[in-house]
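# Structural overview
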Amino acid sequence: MIREVLVYPNKLLRETSKDVMHFDAYLHTLLQDMFDTMVHSEGIGLAAVQIGEPLNVVIINLVDDEGCQKNENLYEIINPVILEKDGVTIYQEGCLSVPGYYDEVERAAHIKVAYFDREGNRHEEEFTDLMAIAVQHEMDHLKGRLFIEKLSYLKRKKFEKEWKKKQKAGK
Ligand code: Y12
Ligand code: CO
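To keep things clear, this report deals only with the structure shown in the data block. Source: prediction; values computed, not measured. (Residues numbered from 1 in each chain as written. Chains lettered and ligands numbered in written order. Predicted model: local features only at pLDDT ≥ 70, side-chain atom pairs only at ≥ 80, totals over all residues. Heavy atoms only, no water.)

## Description of the site of ligand 1
Taken together, 17 residues surround ligand 1, and among them Ile44, Gly94, Gly100, Tyr102 and Glu138 come closest. Within the backbone of Gly100, an N or O atom sits 3.2 Å from an oxygen atom of ligand 1. Tyr102 places a side-chain nitrogen or oxygen 2.6 Å from an oxygen atom of ligand 1. Against a free-state accessible area of 630 Å², the protein chains account for coverage of 76% of ligand 1. Those elements giving two or more residues to the shell around ligand 1 turn out to be β4 (89–93) and α2 (129–142). Broken down by element, the residue count for the shell around ligand 1 peaks at five residues, all from α2. Class assignment for the residues of the shell around ligand 1 results in eight nonpolar, six polar and three charged. (Near = heavy atom within 4 Å. Polar contact = N/O pair within 3.5 Å; in protein donor to acceptor, adjacent residues only side chain to side chain. Areas by Shrake-Rupley, 256 points an atom, 1.4 Å probe, with all protein chains shown as cover. Helix = DSSP H or I, 4+ residues; strand = E, 2+ residues; numbered from the N terminus. Nonpolar A, V, L, I, M, F, W, Y, C, P; charged D, E, K, R; others polar.)

In structure tokens form, the structure reads like this:
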């Protein structure tokens, strides 16, 4: 089912998400709803809190070199914890909860993450490149943080001005 994506400055987006305790049908329906919503919205990543469910659940499905979003590249990341991080990378990020705004954000270039899959199996995996950026972006959502909060003071001011103007224009 396609669900509504919460948009900044919705207060629910600031909530801290809680760990999943049961790897059951409720979780599987949530994962399906997140997938349907992400694909419908043309996104490559989504956190459960973005559809109003403050649980530590993230999905990421990057597009391949041909621009295809293949199911085999879908990551379902539950209760993630960053074990190691190093290096620095800067990328122009966007977010379905801040539609139409993109800006450069600095993040770790390499991360090692422990997480659970939909069946409750524990994994440890290292991520680099766009996947490392996406995992960190989505994990920030789980702490109630948006990428715009990582911008410099001046860039944040610029964003708030543009956002208010857009809202006034009804976009
Ligand atoms: C790198 C950086 C950030 C991420 C997090 C996941 N971000 C997204 O999936 C953002 C998608 C997005 C899609 C939009 O819709 C269209 O482009 C049609 C959009 O809407 C507008 O710009 C109007 C905004 C964001 C992963 C990896
Ligand atoms: Co986002």
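There's more to say after this.
## Examining helix α1 (residues 25–40)
Between the first and last C-alpha of α1 there are 22 Å, a value that for 16 residues agrees with the 22 Å anticipated at 1.5 Å per step. Residues of α1 that are buried: Leu27, Leu30, Leu31, Asp33, Met34, Thr37 and Met38. Along the long axis of α1, the arc covered by the buried residues comes to 165°, so they all point the same way. The outward face of α1, more than 90 degrees from its buried face, is lined by the exposed residues Ala25 and His40. Looking at the packing, one finds that the buried side of α1 touches β1 (45–47), β2 (57–61) and β3 (74–86). Once α1 ends, the next one or two residues include Glu42, with phi positive near 60°. (Expected span 1.5 Å × (residues − 1). Buried < 20%, exposed > 50% of the residue type's maximum accessible area, 1.4 Å probe, protein only. Arc of directions from axis to C-beta. Contact = heavy atoms within 4.5 Å.)

## Brief notes about the coordination of the cobalt ion (ligand 2)
On the protein side, the cobalt ion (ligand 2) has Cys95 (SG), His137 (NE2) and His141 (NE2) as donor atoms, found 2.1 to 2.2 Å from it. All donors to the cobalt ion (ligand 2) come from one chain, and their sequence spacing reads C-x41-H-x3-H. With a gap of four residues between them, His137 and His141 both fall in helix α2, about one helical turn apart. Like His137, the residue His141 is buried in the burial classification. (Donors = N, O, S within 2.8 Å, 3.2 Å for Na, K, Ca; no water.)

## Some remarks on the pairing of β2
Counted residue by residue, β2 has five buried out of five residues, so it is predominantly covered. A two-sided burial pattern is seen for β2, the buried positions comprising Val57, Ile59 and Asn61 on one face and Val58 and Ile60 on the other. When β1 meets β2, the two strands line up antiparallel, connected through three bridges. Directly across from Ala47, in β2, lies its bridge partner Val58. Of the strand pairs in this sheet, β2 and β3 are connected by five bridges, and their pairing is antiparallel. Residue pairing for β3: Asn61 is matched across the bridge by Leu74. (Pairing = 2+ DSSP bridges.)

These results come straight from atomic positions and should not be treated as a statement about function.
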